[in-house]
Amino acid sequence: MTPENRTSNEDKSARRLVLVMGLLLAVLLGGDWFLRFYWFAWHETIWLKSRPIAETPTAPASFLFTEQEVPPRTGGDLSHLIPIPDVRKRYEERHAGAVVTLDPAGFRNVPYDPSTQFSVVVVGDSYMAAGLPLSNQASAVLSALMGEPILNRAVPGRGPFQSVLRLLNEMDAGSQPPRLVVWGFIEREVSGSAFARFVQQLQAFSSREKAPAIPEAPAASGLRWAALAPASLRVALPNSSAMAQISRKTWSLIQYYGARRLPSEILVLEEAGQPPMLGYGEALASMYWTPAERDLPLAVQSVVFIRDFLAARNLRLIVVPIPDKEQIYRDLIPRSAWRGGQPPYASILPAFVGGLHSNGVPVVDLSPTFMAARARGERLYWRDDTHWNETGIRLAAEEIARLVSALRAP
Amino acid sequence: MLFNSYEFLFLLLPLTLLGYYVVLPKSWRLYFLTVVSYIFYGWWDYRFCGLMLLTTVINYVSALGVARAVTPLGRRSWLYFCVGSGLAILGFFKYYGLFAHTANGLAGWIAGAPLPILPELQLILPIGISFYTFHSMSYVIDVYRGAVQPTRNFISFACFVSLFTQLVAGPIIRYRDLAAQLMARTHTLQKAALGLAFFTLGMAKKLLLADGVSPVVASCFGVAQPDFITAWTGVLSYTMQIYFDFSGYSDMAVGLGYLFGFEIMQNFHSPYKAVSITDFWRRWHISLSTWLRDYLYIPLGGSRGGTLLTYRNLVLTMLLGGLWHGANWTFVLWGAYHGFILALERMTGCAEASRARGFRRAGTFVLVMVGWVFFRSANLEEAGRLLSGMFGVNGWGNWVDLRDLAGGYLLALLALATVLVFVAPNTWQLKWTWSRGQVAALVVLILACVGAMLVNTSSPFLYFQF
């Protein structure tokens, strides 16, 4: 073989590796980016569909409610993280199905007349939107308790802030009668940085003519630049990656079949005489945030700003922070799940609620209620899911109703 | 940015390869690489870029000043200006905290009460400042010595200082090694394949081996009073962790360099197979030890001033080399430890002996492990705690407790890592034929690495079912 032939043979073999790796990269990259938009709907977090607040209310062409059948299912969002069916069955509960009605804006609401004046509207994350059948939803339970129609505008799966933005989008400030906004979100979402980022969004959103009291800011361009900052991408890209979820599933399988261990994102909370309950690893992680990382003062300041922002639009805010399941049942957290051999920090809700009180923000303190209910033997959350069940929703609704009547009393 | 992150592997690197090979004209390549390197670096904190640019400009101008100066005094002034400013910037950001803390401690001890005489500033340490400061200083010193011609091409110099392949964790590259390559380099399939192989192996070493044993390190070092077995297991795991982490990163840097046509020097050559500490420093972080030799040891006098001066130079060089690693007295102690052993070996001449290699290899390995205790400990108390455990002060301990502490699988991984380090060839010694088997192995490895990286950096997706 001449040297030239040998070199070209080497090159041909080298080409094999380069082609295979290149193809692999192209497939993984292409698939991941495609699924990021198609499945994770990442564009909804970076593109804010905001329209300027209208001068006059636009009447919808037709006011139709659609029916949607939600089938019954076994298992919740936590039990679904267990990849082995036999193991998963141990923790699953049966969740009833129901037929739900969606109003023209796409939210689950008991059918109402288009001329209905809602003086209370419920916003928040998946906890405020949870509940099947519809009569178990926070807004419906509250409505039954208070004897008046209550509008549900809670948005599941997008955290505490999206629903507030959508409400502002939909509403027409100024020409509406004053409304109470009941804003509920889970404890582990409370952090100074997240709330401060939302305040920045609001500042970009505000319209100058309608709210002269609010500091001026340029109108929203649609693109949330904050979502494309390196710090956000560092977190957002792996979290919206299909490859990452496949890797996690694979690793869970390896951990289980290799070492009989459940995925680290699940905690098993066992109480004597009770079937085991699942907890969320990420919630436990948030319970190890140092005070500096949590930055409660900034979170409180941000909520005060939000209160003022909404007040300038004739909206009166009531805050409902929902206790973490892992805090209510913290004595059941296994020692092996402790980080660095130390127990997690105590609940931040007392400090958060206290901070809001001292700033005059109406807030519902659910921690004592939930702890008392637990002591009575009531279960407030699903066993196989991060969310609260009917009992939890009902308890919260009772507290909210109490606060609302207190606020309305002359 | 880190090499093992989503945004690098699936955003910056593909775009860079696309721009470099497909989209942009060849004459733009250097500009492009420089811009990409600044994006890579500024991803952490855009303010870091300004400092690096300042260092680049100072060194570029100083080198031209040295070359153009007529008098020896003029040339020396430019050199002092450059080295002085580089060390001042490095010293301020990296060592001010240590200096202030120590000074305040001493003042308080003398005065009998806390007496902060220097404000303790909260400084963010710009990542990689030690590396790019050394990169650029070596250039001006070489110009002063006449070893290399200064460049008029600012972009070429800026690219050299900031090149993302070795900016953050080395190898420390001399300008003269890269100068010709910056202007003209070949891009062959063979190089690309080598690059991919090095990158894959480096990532595997770092993510699978180093990160794999790191929980063992944390567990063992966290024990309040470690017994003999726990202490030595902890130190052994750290020995493995630091080697696979650092050499893995160097391999990734070399691999990325090859992908863009650069041939970068070898930084590690099976250091734990060394037969003496002298030999160890010819195999560990080779780019740093040669840099220290050429720019610190030899200017101090090297071995030309007689035995006592030689020892002084050895200890001093190693001490400063230790300090370079981090602003902590433990690093200085580590450096001094190695310096003294080097002097001792020179004194007894045992570095030159050629008998009992296996025994000397084992002995050197133990000496290196003891050194790592200082390197890893956050302070002298921790080092003392571990050393007393290693010398049996807290008893022997037992294997069952160790397995409970560290986990059976991880201990098996540690054993595998140890065997590899002594028995297997290092990444530079592998013969690449690009057979189907080798390609398949590399593909499996890189998939495992990407999976591990994604599991570590992502959160579970709670699919909302309602």
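Residues numbered from 1 in each chain as written. Chains lettered and ligands numbered in written order. Predicted model: local features only at pLDDT ≥ 70, side-chain atom pairs only at ≥ 80, totals over all residues. Heavy atoms only, no water.

Novice: Sorry, what's going on with the overall build of chain B here?
Specialist: Within chain B, the secondary structure is distributed over 18 helices and zero strands. At 24 Å, chain B has a C-alpha radius of gyration in line with the 23 Å of a compact globule built from 466 residues. By principal-axis analysis of the C-alpha atoms, chain B measures approximately 65 × 65 × 60 Å. Taking all 466 residues of chain B together, the buried fraction comes to 57%. The long-range fraction of contacts in chain B, counting pairs at least 24 apart against all pairs at least 6 apart in sequence, stands at 75%. Total accessible area on chain B stands at roughly 20,100 Å², and carbon and sulfur atoms take up 68% of it. If you average the places of the 31 positive and of the 18 negative side-chain charges in chain B, the two averages end up 13 Å apart. (Helix = DSSP H or I, 4+ residues; strand = E, 2+ residues; numbered from the N terminus. Rg over C-alpha atoms; globule rule 2.2 N^0.38 Å. Buried < 20%, exposed > 50% of the residue type's maximum accessible area, 1.4 Å probe, protein only. Contact = heavy atoms within 4.5 Å. Areas by Shrake-Rupley, 256 points an atom, 1.4 Å probe, with all protein chains shown as cover. Lys, Arg positive; Asp, Glu negative; His and termini not counted. Charge placed at Lys NZ, Arg CZ, Asp CG, Glu CD.)

Novice: I keep staring at helix α2 (residues 29–42) of chain B and nothing clicks. Help me out?
Specialist: Every α-helical turn comprises 3.6 residues, leaving residues that sit three or four positions apart pointing alike. Residues and elements named next belong to chain B. In a regular helix each residue adds 1.5 Å, so 14 residues correspond to 20 Å; α2 covers 20 Å between its end C-alpha atoms and thus fits that length. Buried residues dominate α2, accounting for 11 of its 14 residues. Those residues of α2 not exposed but buried are R29, L30, F32, L33, T34, V36, S37, Y38, F40, Y41 and G42. Along its buried surface, α2 packs onto α1 (6–23), α3 (47–68), α5 (129–145), α6 (154–162) and α7 (175–183). (Expected span 1.5 Å × (residues − 1).)

Novice: Explanation requested: the pairing of strand β8 (residues 266–269) of chain A in the structure shown.
Specialist: Every other side chain in a regular strand lies on the same face of the sheet, so the side chains alternate between the two faces. Residue and element names in this part refer to chain A. Residues of β8 alternate between two faces, with I266 and V268 on one and L267 and L269 on the opposite face, all of them buried. Strand direction decides the pairing type here: β8 and strand β9 (residues 277–280), joined by four bridges, are antiparallel. Bridge pairing in β9 places L267 opposite G279. (Pairing = 2+ DSSP bridges.)

Novice: Hey, could you run me through the state of the cysteines in this one?
Specialist: The bond known as a disulfide is covalent and runs between the sulfur atoms of two cysteines. Applying the stated criterion to the full structure yields zero disulfides over all chains. Unpaired in this structure, B:C49 has its nearest cysteine sulfur neighbour in B:C159, at a distance of 14 Å. (Disulfide = S-S within 2.5 Å.)

Novice: How do you make sense of the pattern of salt bridges when you look at a structure like this?
Specialist: Here the idea is simple: oppositely charged side chains can pair when their charged atoms come close. Residues and elements named next belong to chain B. Following the criterion strictly, the structure yields 22 salt bridges over all chains and no others. A salt bridge links D251 to K205; its shortest N-O distance comes to 2.8 Å. One end of the pair, D251, is in helix α9 (residues 228–259); the other, K205, is in helix α8 (residues 189–222), with 46 residues separating them in the sequence. Like D251, the residue K205 is buried in the burial classification. Taking the shortest distance from any N to any O, the salt bridge between E382 and R376 comes out at 3.9 Å. E382 gets classed as buried once you look at its relative accessible area, which sits at 14%. Here R376 falls in the partly exposed class, since its relative accessible area comes to 29%. (Salt bridge = Lys/Arg side-chain N within 4 Å of Asp/Glu carboxyl O.)

Novice: Looking at this model, I keep getting lost on the nonpolar core. Mind explaining?
Specialist: Nonpolar side chains in soluble globular proteins generally cluster together in the buried interior. Residues and elements named next belong to chain B. Ranked by size, the top nonpolar core spans 103 residues in total, and within it F3, F8, F164 and M203 carry the most contacts. With 11 residues, the top contributor of residues to this core is α8. Residues in contact with F8, not counting those within four places in the same chain, are M1, L2, F3, L13, P14, F40, F164, F199 and L256. In this structure, F244, F246, L387 and A406 belong to the second largest nonpolar core, which totals 52 residues. (Core = buried A, V, L, I, M, F, W, Y, C linked by side-chain atoms within 4.5 Å.)

Novice: Looking at this structure, I do not really get the confidence of the model for chain A. What am I missing?
Specialist: Predicted coordinates in regions of low pLDDT should not be interpreted in detail. Residue and element names in this part refer to chain A. Looking at chain A, the pLDDT average stands at 84 and 87% of residues meet or exceed 70. Taken element by element, the predicted model of chain A shows its lowest mean pLDDT in helix α2 (residues 43–46) (76) and its highest in helix α14 (residues 349–358) (96). A low-confidence stretch, residues 50–57 (pLDDT under 50), is modelled with 18 contacts involving residues beyond four sequence positions or located in other chains. (pLDDT = per-residue confidence, 0-100.)

Novice: Where do I start with the packing of aromatic side chains in this structure?
Specialist: Geometrically, a pair of aromatic rings is defined through the distance of the ring centres and the angle of the planes. What the rule picks out here adds up to 75 aromatic pairs over all chains. Measuring from centroid to centroid gives 6.1 Å for B:Y41 and B:Y132, while their planes differ by 90°, and the two rings are edge-to-face. Of the two residues, B:Y41 is situated in helix α2 and B:Y132 in helix α5; the sequence distance between them amounts to 91 residues. When sorted by exposure, B:Y41 lands in the same class as B:Y132, which is buried. The ring centre of A:W33 lies 4.4 Å from the NZ or CZ of A:R36, which sits over that ring. The lysine or arginine in question, A:R36, covers the ring of A:W42, its NZ or CZ lying 5.9 Å from the ring centre. (Phe/Tyr/Trp six-rings, centres within 6.5 Å; stacked < 30°, edge-to-face > 60°. Lys NZ or Arg CZ within 6 Å of the ring centre and 35° of its normal.)

Novice: Just checking my understanding: could you explain the interface of chain B and chain A for this structure?
Specialist: One frequent convention defines the size of an interface as the accessible area lost when the parts assemble. Contacts between the two partners involve 38 residues from chain B, matched on the other side by 50 residues from chain A. Between chain B and chain A the total buried area reaches about 4,200 Å² when both faces are included, carbon and sulfur atoms providing 73% of it. Linking chain B with chain A are one salt bridge, by the criterion used here. Between B:E7 and A:R234 there is a salt bridge; the shortest N-O distance is 4.0 Å. The interface formed by chain B and chain A holds six residue pairs in polar contact (both at pLDDT 80 or more) in total. Within the residue set of the side of chain B that touches chain A, elements represented by two or more residues are α1, α8 and α18 (436–457) of chain B. If one sorts the elements of the side of chain B that touches chain A by residue count, α18(B) sits on top with 10 residues. Taken together, the residues of the side of chain B that touches chain A break down into 27 nonpolar, nine polar and two charged. (Buried area = accessible area lost by both parts, 1.4 Å probe. Polar contact = N/O pair within 3.5 Å; in protein donor to acceptor, adjacent residues only side chain to side chain. Nonpolar A, V, L, I, M, F, W, Y, C, P; charged D, E, K, R; others polar.)

Novice: Whenever I open this one, the pairing of strand β5 (residues 120–124) of chain A confuses me. Can you help?
Specialist: All names here are of chain A. Of all the five residues making up β5, five are buried; the element is thus mostly covered by neighbouring parts of the structure. On β5, burial covers both faces: V120, V122 and G124 on one face and V121 and V123 on the other are all buried. As paired elements, β5 and strand β7 (residues 179–186) share five bridges and run parallel to each other. Bridge pairing in β7 links V120 to L180.

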